[in-house]
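Report on the structure
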Amino acid sequence: MKEHSGIAAVEGRNITKDFVGGGAVSNVLKGISLKVMQGEFVSVMGQSGSGKSTLLYILGGLDTPTNGSVYIDGTDICSFDDAKMSRIRRQKIGFVFQFYNLIPNLNVEENIMLPLLLDGKKIRDYREQLDHILEVVGLSDRRKHTPRQLSGGQQPDHNRPGRGACIA
Amino acid sequence: MKIIIKYILTNMKERKVRTVVMLLSVLLSSSLLFVSFSIGASYESAQQKMARGMYGSAAVSVTALQSAAELDDDTVPDIPEIKAKAGIRKQAAMYSQGGYYETVDLVSANLEQLNLINRPRMSDGSGITGFSGNQIILPDRFTSKFGVSKGDTVTLLINNFPVSFEVFGIAAYDTLFLRQTRGATALVPLDLLAGTVQQPQKYSEILLEPADGVTAGELKSCLEEKLPQDRYHVSETVDEAQIAADARQKSMPFFLISFFALTMSVFIIYSSYKVITLDRLPVIGTFRSIGAEERTVTSILLAESLVYGLAGGLLGIPVGIAVLKVILHGMGKGLAQGIEIPAVIPLPGIAISIAAAVIVSLLSSWIPVRRAGRLPVKEVVLGTVEEKKRPARYTIGTAVILGAVSIVLPRIAPEKLLYPAGGISLLGLIAAAILFIPSFTNFVARGLERIYGTVFGNEGMLAARNMRDNRNVTQNITLLFISISAVISISAVGNFVTSYISDIFQGAELEGFADGSMDDDFIRQVKGFEGIEEVLPVQVLDDRVHGEGSFILLMAAVGIVNNLLINYMQRRRAIAMYKSAGLSSRQNVKMMLIEGVSAGLIGAAAAIAVSYMEIQTIFIVAGPKISIKPDLDAAIFLAAGAMGIVVTAAGSVVPILKSRQMKLLEEIKFE
């Protein structure tokens, strides 16, 4: 792995994760460390069941490691309470899920803008950025449509939280 | 067959809350219906017993209409239709003790004659011999109330003159001592009243026992032919028709409550089954893919509904019996003489209540089950089932037409068809409201988005946004609306009589007010008195009706909590998505509370509007025949509305707690 200097956007230090089930303990992650710098594009690859999703959930703050720590912009998030963690998710982290997981009652615009809405921002203040994103993903003419009204192929192009975080 | 039973029982065990809610709703409805049947039968039986108690075997009575008419041993001819007769003399008196006044109706009779018709029973089992002079026999209720013993001297005011009596004996509270009004009845020697009070006739009333094989009606007709009708009045001592009519009046409010309870059960079961069939789609897919027919799938799903109906119906009977005893105890206490009304349990009432429970359960689940059974196998197996949405204008149009017909129908129906018209009208109003609520909710939610955005920030806006096109929210609102409108209607009808009476007597010189059971005979006599201008018979509803109204709220609360839990279970994923986008627990609580309270507001508003129309219908169909419109107290509406908001707010607590404990990752992973 490349060595980096400076504060990483996302950093994991010696992350381990164990799952207990049926009386047995399975060590899914055994001391993973990595740094992802601002602007870097990193792809995590591995066999099925190797712990890729588990690592991403931990790095994204959706799960906590058994041991080790996670840093977002230099801040250790493992000890964060619900309020602080929620703010990090609103402002720093975005997810694109395997099965879309969009809010069914909200339209395209609102799904994209959701993190900002939860942060108290108004859609009208981000009109320009929103128009740009919709153009990029080809959903300008479907901005008022709900997920039900989109075809299966169009749904992941929301990439809602990630884009919203970028806008912020 | 065993496997299917096991499948059904496993399903019921897995979703305990839903199972309990459906069972409870059926149980409460069937127990209420059972109580409705039994109240009337019990009351009727008690009234008949009381009347028979007071009059013994005398089925006909003769009174004089004019002061000039003689009423003595020769007035009534000796005809073969008469088995026995007894003349009695009555006089009102007053007893006072420590500033408290009690009416005492003195009755004197030829004891030999009286013993043939209605032999008085002494509480110590002794007979009545040597009863003469200033002696009096008092009932045990009176003597224990005032601490009077045998041998004591009591003074009664007769026509404002004090007259002293020696207590000859204490009688059991039955036979002629039984009363239907306040006060006491006392027996005095015949000669005493004849000597004490100046009355033109020897007797006040002659009681007659019909001969064997002769009915009361036949004897009455026979005597009416023989006695001049302008001088004498012949009547049956026990007016069966009047008692039956009174009993119907008593049970009417309970039938009304049962109606609302059954409506709620229908809705709870229907909405639960819509969720059940959705949940079971994968299983249905499996069944169909291995060759099960539509009919088989439908039967299996309906069998579960049958279990709810049977279990709820059967369990509702013992619950109903317990409730009935409590109500009858209260009813008995409420009567002036405080007697115990024994519970009469009509077998047809039991059968109908259980049958209603089963029918309601099966019919309510029929539509969603049938729909699920008829889905194309491919769609079910591939999980591509989509619910076809009807255009809003179709449902709104249907709602408007249904509502209009429901409002007009009782106003144009002929008198004979008023009851069925009223029932159809109430059902139609509720159905119209149910159809209208989703569109109404969407409309209000749109408005609330802007308002809440300003007042509560984006969380408020998102909460209002979540209410649009949200089936679970509209189900909660509908449940709330049905229950609150029921409580409002029942309260308004019950309260009306109180305000009506005070209104009528406003500005009038009220000389007297009598309460108790009055029949047409009594009313006719009073109208004939000198100086009487207006006689107003009114029926006062039992306070117990208000207590029964709380059954409705209980059902609503149960149904709403169930819906909120279902709402939470189906929204788990959406809540998890919000959380992954950065929704904090505090924000989640805020959103759920705003949504809950808003749903409560909309439900209350719908209830207020619909119950106003329901009350009009109830008064047209079953209310007193008066031209005054009921003056409805705004407080009833507002209180019921507030109650609804509290129920939904309180009902949001469980989903809020569950979402706090939610394991985010478990919801996001779609294994």
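The rules behind each value
- Residues numbered from 1 in each chain as written.
- Chains lettered and ligands numbered in written order.
- Predicted model: local features only at pLDDT ≥ 70, side-chain atom pairs only at ≥ 80, totals over all residues.
- Heavy atoms only, no water.
- Helix = DSSP H or I, 4+ residues; strand = E, 2+ residues; numbered from the N terminus.
- Contact = heavy atoms within 4.5 Å.
- Areas by Shrake-Rupley, 256 points an atom, 1.4 Å probe, with all protein chains shown as cover.
- Buried < 20%, exposed > 50% of the residue type's maximum accessible area, 1.4 Å probe, protein only.
- Buried area = accessible area lost by both parts, 1.4 Å probe.
- Salt bridge = Lys/Arg side-chain N within 4 Å of Asp/Glu carboxyl O.
- Polar contact = N/O pair within 3.5 Å; in protein donor to acceptor, adjacent residues only side chain to side chain.
- Core = buried A, V, L, I, M, F, W, Y, C linked by side-chain atoms within 4.5 Å.
- Domains from an automatic or database assignment.
- Patch = residues over 30% accessible without salt bridge, like charges linked within 9 Å, V, L, I, M, F, W, Y side chains within 5 Å.
- Axes fitted to C-alpha atoms, helices over the stretch in contact; angles between N-to-C directions.
- Parallel < 35°, antiparallel > 145°, perpendicular 65-115°, else oblique.
- Left-handed = near helix turned anticlockwise from the far one by under 90°.
- Nonpolar A, V, L, I, M, F, W, Y, C, P; charged D, E, K, R; others polar.
- Phe/Tyr/Trp six-rings, centres within 6.5 Å; stacked < 30°, edge-to-face > 60°.
- Expected span 1.5 Å × (residues − 1).
- Arc of directions from axis to C-beta.
- Bend = angle between axes of the 7 residues up to and from the residue.
- Pairing = 2+ DSSP bridges.

Attention now moves to the overall build of chain A. Of the regular secondary structure elements, chain A holds 5 helices and 4 strands. The helix and strand sequence of chain A, counted from the amino end, reads β-β-α-β-β-α-α-α-α. Partitioning the intrachain contacts of chain A with sequence separation of at least 6 by distance along the chain shows that 60% fall at a separation of at least 24. Accessible area for chain A stands at about 9200 Å²; split by element, carbon and sulfur atoms hold 48% of it.

Counting secondary structure elements, chain B contains 21 helices and 9 strands. Buried residues in chain B amount to 52% of all 671 residues. A sequence separation of at least 24 residues applies to 84% of the contacts in chain B between residues at least 6 apart. Counting every atom, chain B has about 31800 Å² of accessible surface; 59% of that belongs to carbon and sulfur.

For the rest of this paragraph, the subject is the interface of chain A and chain B. When the parts of a complex come together, some accessible area is lost, and that lost area is often used as the size of the interface. In this complex, chain A contributes 27 residues to the contact, which on the side of chain B involves 25 residues. Approximately 2300 Å² of surface area, both sides summed, lies buried where chain A meets chain B, with 57% of it carried by carbon and sulfur atoms. Counting across the interface, chain A meets chain B through 1 salt bridge. Across the salt bridge formed by Glu110 of chain A and Arg465 of chain B, the nearest N and O atoms sit 3.0 Å from each other. Between chain A and chain B we count 10 residue pairs in polar contact (both at pLDDT 80 or more) in total.

The biggest cluster of nonpolar side chains holds 51 residues, and the ones touching the most others in it are Ile15, Leu62, Met113, Leu114 and Leu118 of chain A together with Leu462 and Tyr578 of chain B. In terms of residue count, helix 3 (residues 108-118) of chain A provides more of this core than any other element does, 7 residues in total. Counting contributing residues, this core receives three or more from each of domain 1 (1-93) and domain 2 (99-157) of chain A. Beyond its immediate chain neighbours, meaning those up to four positions away, Tyr578 of chain B contacts Ile103, Leu106, Leu114 and Leu118 of chain A together with Leu462, Asn466, Leu583 and Met591 of chain B. With 41 residues, the next largest nonpolar core counts Phe267, Ala486, Ala599 and Phe619 of chain B among its residues.

Turning our eyes to something else, we now look at a nonpolar patch on the surface. Residues and elements named next belong to chain A. A contiguous nonpolar surface patch, about 220 Å² in accessible area, is contributed by Val42, Val44 and Leu56. As for its position among the elements, Val42 is in the loop between strand 2 (24-36) and helix 1 (52-59). With relative accessibility at 40%, the residue Val42 sits in the partly exposed group.

To continue, consider the pattern of salt bridges. Counting across every chain of the model gives 21 salt bridges over all chains. As a salt-bridge pair, Lys83 of chain B and Glu209 of chain B come within 3.6 Å of each other at their nearest N and O atoms. Within this pair, whereas Lys83 of chain B is found in strand 2 (residues 82-97), its partner Glu209 of chain B is found in strand 8 (residues 205-210), the two being separated by 126 residues in sequence. Owing to a relative accessible area of 12%, Glu209 of chain B belongs among the buried residues under this scheme. Linked through salt bridges whose partners overlap, the residues forming this network are Glu109, Arg127, Asp131, Arg143 and Lys144 of chain A.

Residues and elements named next belong to chain B. One can describe the packing of helix 12 (residues 392-412) onto helix 13 (residues 418-455) by two numbers: an axis separation of 8 Å at closest approach and a directional angle of 155°. The orientation of helix 12 with respect to helix 13, classified from their angle, is roughly antiparallel. In this structure, helix 12 crosses over helix 13, and the sense of that crossing is left-handed. For the pair helix 12 and helix 13, the contacting residues are Ala392, Thr395, Ile396, Thr398, Ala399, Leu402, Gly403, Ser406, Ile407, Leu409 and Pro410 in the first and Leu418, Ala421, Ile424, Ser425, Gly428, Leu429, Ala431, Ala432, Leu435, Phe436 and Ser439 in the second. Its residues assigned to classes, the contact of helix 12 with helix 13 comprises 15 nonpolar, 7 polar and no charged.

To continue, consider the packing of aromatic side chains. All names here are of chain B. According to the stated counting rule, one finds 7 aromatic pairs over all chains in the structure shown. Residues Tyr95 and Phe142 carry aromatic rings whose centres are separated by 5.1 Å and whose planes lie at 70° to one another, so their mutual orientation is edge-to-face. In this pair, Tyr95 sits in strand 2 while Phe142 sits in helix 4 (residues 140-146), placing the two residues 47 residues apart along the sequence. You can call Tyr95 buried: its relative accessible area is 7%. Relative to Phe146, the ring of Tyr100 has its centre 6.1 Å away and its plane inclined at 35°; by these criteria the two rings are tilted. Of the two residues, Tyr100 is situated in strand 3 (residues 100-109) and Phe146 in helix 4; the sequence distance between them amounts to 46 residues. For Tyr100, a relative accessible area of 40% gives the class partly exposed. The rings of Tyr95, Tyr100, Phe142 and Phe146 are connected pair by pair, giving a single aromatic cluster.

This next bit is on helix 12 of chain B. All names here are of chain B. Compared with an ideal rise of 1.5 Å per residue, which puts 21 residues at 30 Å, helix 12 spans 30 Å between its outermost C-alpha atoms and is within 8% of the ideal. When we look at burial in helix 12, the residues that qualify are Thr395, Ala399, Gly403, Ser406 and Pro410. Burial along helix 12 is one-sided: seen end-on, the buried residues are contained in an arc of 70°. In helix 12, the exposed positions that point more than 90 degrees away from the buried face belong to Arg393, Val400, Ile401 and Ile412.

Turning next to helix 13 of chain B. Taking the largest bend as the criterion, helix 13 of chain B deviates by roughly 40°, centred on Ile437 of chain B, and proline Pro438 of chain B comes between one and four positions later. Positive phi shows up at Gly457 of chain B, right after helix 13 of chain B, with a value of about 85°.

Quick look at the pairing of strand 7 (residues 184-189) of chain B now. Residue and element names in this part refer to chain B. Most of strand 7 is tucked away, with 6 of its 6 residues classed as buried. Where strand 3 lies against strand 7, 6 bridges are found, and the strand directions are parallel. Bridging across to strand 7, Asp105 finds its partner in Thr185.

Let us now look at the sheet that holds strand 4 (residues 75-76) of chain A. All names here are of chain A. Read across the open sheet, the 4 strands follow the order 2-1-3-4; overall the sheet is antiparallel. On the outer flanks of this sheet lie strand 2 and strand 4, each paired with one strand and no other. Sheet topology note: the strand 1 (residues 10-21)/strand 2 ladder contains 10 bridges and is antiparallel. What sits directly across from Val10, in strand 2, is Val36. Those strands touched by helix 1 are strand 1, strand 2 and strand 3 (67-72), and its axis lies near 120° from that of strand 1.

The next subject is unusual backbone geometry. For residues that are not glycine, phi is negative in most cases, and the peptide bond is trans in most cases. We note that Asp73 of chain A has phi near 55°; this positive angle belongs to a residue other than glycine. Of note in the backbone geometry, Asp469 of chain B takes a positive phi value of approximately 50° without being a glycine. You can see Asp469 of chain B is positioned in the loop between helix 14 (458-467) and helix 15 (471-504). The partly exposed category is assigned to Asp469 of chain B, whose relative accessible area is 45%.

Our next topic: the side chain of Ser485 of chain B. Residue and element names in this part refer to chain B. With respect to the helices, strands and loops of the structure, Ser485 is situated in helix 15. You can call Ser485 buried: its relative accessible area is 0%. A distance of 2.9 Å separates the side chain of Ser485 from the backbone oxygen of Phe481, its partner in a polar contact. At a separation of 3.0 Å, a polar atom in the side chain of Ser485 contacts the main-chain carbonyl oxygen of Ile482. Excluding its chain neighbours within four sequence positions, the residues that come into contact with Ser485 are Ala607, Ser611 and Glu614.

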